[in-house]
Amino acid sequence: MNVHSALQPLRPLISRLPSIRWLVPLVCLPLAAFAIYGAWLGYREYQASRELEALIAPIRAAGEPLGDAWLEQHFRQTASSEGTAAWSELLVLSTSFGWNATTDLPIVGNGKSLRTLEVGAKWEADALVDDFLEQAQPLFDSIYDTAKYPTPVWQPMDFQGIGTLLPELQDTRQIQRLLQLDFEHAIVHSDSDRALRDLQAMQTTADAFDWDMFLVGELVNIALRNIYYGSIQRSLFADVWSADQLEQLMAQVGQPLPLAQSWNASIESEKAMALSYVSGSEPPQPVGLLLSAASKLDLMRKYAEVQSLSEVPLGQLTRSAAELERIWGSELSHVRVDTLSSTLLPAVVGYANAFERWERNRRLVLTSLSVKRFQLANNRWPENLQELTQVGLSPEDWTLPGIGSLGYSIEPDGKTACVWAVGEKDIDVASQCPDYAGEKLEQVQYYLTLIK
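Rules and cut-offs
Residues numbered from 1 in each chain as written. Predicted model: local features only at pLDDT ≥ 70, side-chain atom pairs only at ≥ 80, totals over all residues. Heavy atoms only, no water. Helix = DSSP H or I, 4+ residues; strand = E, 2+ residues; numbered from the N terminus. Buried < 20%, exposed > 50% of the residue type's maximum accessible area, 1.4 Å probe, protein only. Contact = heavy atoms within 4.5 Å. Phe/Tyr/Trp six-rings, centres within 6.5 Å; stacked < 30°, edge-to-face > 60°. Lys NZ or Arg CZ within 6 Å of the ring centre and 35° of its normal. Pairing = 2+ DSSP bridges. Axes fitted to C-alpha atoms, helices over the stretch in contact; angles between N-to-C directions. Salt bridge = Lys/Arg side-chain N within 4 Å of Asp/Glu carboxyl O. Parallel < 35°, antiparallel > 145°, perpendicular 65-115°, else oblique. Left-handed = near helix turned anticlockwise from the far one by under 90°. Core = buried A, V, L, I, M, F, W, Y, C linked by side-chain atoms within 4.5 Å. 1 Å grid on protein atoms, 1.4 Å probe; cavity = no way out; pocket = protein on both sides within 12 Å on 5 of 7 lines; lining within 4 Å. Points joined across faces, edges and corners; volume = space filled by probe spheres on them.

Of the regular secondary structure elements, the chain holds 17 helices and 5 strands. Buried positions account for 48% of the 452 residues belonging to the chain. The long-range share in the chain, meaning contacts at least 24 apart out of those at least 6 apart in sequence, stands at 74%.

Next up on the list: the packing of aromatic side chains. Describing an aromatic ring pair means giving the distance of the ring centres and the angle of the ring planes. All told, the structure shown has 13 aromatic pairs when counted by the stated rule. On the basis of an interplanar angle of 80 degrees and a centroid distance of 5.3 Å, the ring pair of Trp263 and Phe355 is categorised as edge-to-face. Of this pair, Trp263 sits in helix α12 (residues 259–278) while Phe355 sits in helix α16 (residues 348–378), placing them 92 residues apart in sequence. Each member of the pair, Trp263 together with Phe355, is buried. Among the aromatic side chains, those forming a connected cluster through ring pairs are Phe75, Trp87, Trp154, Phe159, Phe209, Trp211 and Phe214. A cation over a ring is seen here: Lys452 above Phe237, with NZ or CZ 4.2 Å from the ring centre.

Moving on, we get to the environment of Val240. Its place among the elements puts Val240 in the loop between α10 (215–235) and α11 (243–253). Placed 121 residues apart in sequence, Val240 and Val119 show a C-alpha to C-alpha distance of 8.0 Å. When sequence neighbours within four positions are dropped, the list of residues in contact with Val240 reads Val119, Ile187, Ser190, Ser192 and Gln245.

Pairing within the open sheet is antiparallel, and its 3 strands lie in the order β3-β4-β5. Edge positions in the sheet fall to β3 (407–410) and β5 (448–451), since each has one partner strand and no second. Here the strands of the sheet are splayed against their neighbours by 15 degrees on average, with no regard to which way each runs. Where strand β4 (residues 417–420) lies against β5, 4 bridges are found, and the strand directions are antiparallel. Bridging across to β5, Val419 finds its partner in Thr449.

This part is about the environment of Leu448. Along the chain, the position of Leu448 falls in strand β5. The spatial distance from the C-alpha of Leu448 to the C-alpha of Cys433 is 8.3 Å, given a sequence separation of 15 residues.

Evaluation of the coordinates by the stated rule reveals 17 salt bridges. A salt bridge links Asp126 to Lys122; the nearest nitrogen and oxygen atoms lie 3.8 Å apart. Among the residues examined, Asp126 registers a relative accessible area of 13% and is labelled buried. Asp239 serves as the salt-bridge partner of Lys372, at 2.9 Å between the closest nitrogen and oxygen. In this pair, Lys372 is assigned in helix α16 and Asp239 in the loop between α10 and α11, connecting sequence segments 133 residues apart. Residue classification places Lys372 among the buried residues on the basis of a relative accessible area of 3%.

The interhelical angle for the contact between helix α5 (residues 84–95) and helix α8 (residues 167–188), taken along N-to-C directions, is 70 degrees, at an axis separation of 9 Å. In this view, α5 runs roughly perpendicular relative to α8, as classed from their interaxial angle. For α5 against α8, the interelement crossing comes out left-handed. Contacts between α5 and α8 pair Trp87, Leu90, Leu91, Ser94 and Thr95 from the former with Glu168, Asp171, Thr172, Gln174, Ile175 and Leu178 from the latter.

Another point: the nonpolar core. The biggest cluster of nonpolar side chains holds 107 residues, and the ones touching the most others in it are Trp241, Trp263 and Leu369. With 12 residues, the single largest contributor to this core is α16. Beyond its immediate stretch of four places on either side in the chain, Trp241 contacts Phe183, Ile187, Ser192, Ala195, Leu196, Leu199, Ser235, Leu236, Leu246, Leu249 and Leu376. Judged by nonpolar contacts, the second largest core, of 7 residues, contains Cys418, Trp420, Leu448 and Leu450.

Contact geometry for α5 and helix α7 (residues 137–145): axes closest at 11 Å, N-to-C directions at 150 degrees. The pairing of α5 with α7 is recorded here as roughly antiparallel in orientation. With respect to the hand of their crossing, α5 and α7 are arranged in left-handed fashion. Between α5 and α7, the contacting residues are Leu90, Leu93 and Ser94 on the first element and Leu139, Ser142 and Ile143 on the second.

Once that is clear, we can look at the layout of surface pockets. For the second largest pocket, the calculated volume is near 300 Å³. If you trace the second largest pocket, you find 17 residues lining it, with Gln203, Asp207, Arg225, Leu257 and Pro258 closest to the centre. Elements with a minimum of two residues in the lining of the second largest pocket: α9 (192–208), α10, α11 and α12.

Following Thr151, the chain continues to Pro152 via a peptide bond in cis, the omega torsion being -5 degrees. With respect to the helices and strands, Pro152 occurs in the loop between α7 and α8. You will see that Ile107, though not glycine, has its phi angle at about 70 degrees, which is positive. A residue is classified by how much of its surface remains accessible, and Ile107, at 16% relative accessible area, is buried.

Remember, this is a structural readout, not a statement about activity or role.
If you want it as C-alpha cells, here you go:
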C-alpha cells in the first residue's frame, strides 16, 4: 500500500480540522483555570499555615500547654480544692435525695408554685412541703456550712475538647432550687432570718461554681444568680424585711457584675477548647470537619473578634454581636471555613443578650430594694426614682444601659409600688405598671417587681 492510499481514510478528518479548532480552548481554558485555582488554594493554605504557626509558636516557646492541657492547668490555678469533697457530696445528695414524693413538690418537682409570695400563703401540697423541708434539714445545714470554703471550687473534670461534659454545673441547679423552696417557705412563715440565710447560700452556690469557663458554664451561673434575684423580687411583695436586712441585701446586689472579665475568660476557654483541634494536639479530630489551615486560621481570628466584644460598653453588646455575625455572614468564604466556624463558634448574639439581661435584672432588683428601703425610712413611697438618692442610689443604678430609666409607679390603692424594666423585646414599653392580672404576672415577672 502506498502512502497516498494509506492517508485516504484520514482525509475527511484532516479536512475538518479548521472547524474543530474551537474545541481546543473550550477544553484547555477550564483546565488552566482549575490549575490556577489549585495553585491559589495551595498558596493560600501555605500562607495560612505560616500565620497559624506564628500564632501558636509563642505559646509553645513559652512552654505553655495547649487545648485541653491548658484548660486543666487553668482550672487548677483558678479554683480551690479545699471544698471539693463537701461540694461533691452535696451535688450527689441534692440530685438523689431519698424522698419518694419529691416530684409532687413545687419548685424542685412538678407541683404548682405560688403565684405571688405572701405571708400565710399555702401551696396545694402545703403539708408535703412542710414534711419534706423538715426531713431535708440536715442537707440544708450542710449547704450552709459550705460558706466556710473559698470559691470557686475545683471539681475533677475530664476535658475532651468540644466533647467536654459539665455534669456538676448542671446539678447545681437542684441545690439552688432546694434553697429557693426553703426560702419561699421561710417567707410564707415570716421567718426573714431563715430567708436571708437561704439567699446567702444561693450566692455561695453561684460563687462556688463561677468558673468563668465555657459559654454553657457561664449561662448556668447566670441562671443560678437569676434564681437569687428572682427570689428577692418575689419576697418584696410579702413585706417581711427589716431596714437592716434591706441594707444588707442592697449591699450584696449593689456589687457591679464582672461582665467584661466573665466574657473574656469564658471565650478564652472556648478558644482553648477549639485550639485542641487547631493545633493537632488533641486527636482525634471531629468527624465531618475539614480542617484546612485556612479554616483553622479563620476560626482563631473569629474567636479573637468575639473576645474583643468584652470592651464594648453595656447596652451595645448585643447590637455589636449582631453586627459581627452579619459581617461573617456576608463574607465570601469557602465551605471548609464555614463548616469549622459554624460548628465550633458560639451563638454570639444569644450569649451577649444573656449578659445584658443579667445586668438589667441586677439593676431592677437593686432599685426595687431601694424603693422599699425608702418607704420604711420615710413612711411613704418615693414620688419618683430621683428620690432614691436619699438611700444611696445614683441615676446609673436605675438606668438600663442602651434603653433608659426603669419604670416606676405607685398603684392606685397607695399600698403597692411597681418597678419594671422597659424596652426592646423584653416587654412592651409602658408608661405605667404592666398589667399583672391573671396569668400575665408569670410572663412578666422577670421584669417586674411588686413592692408592698
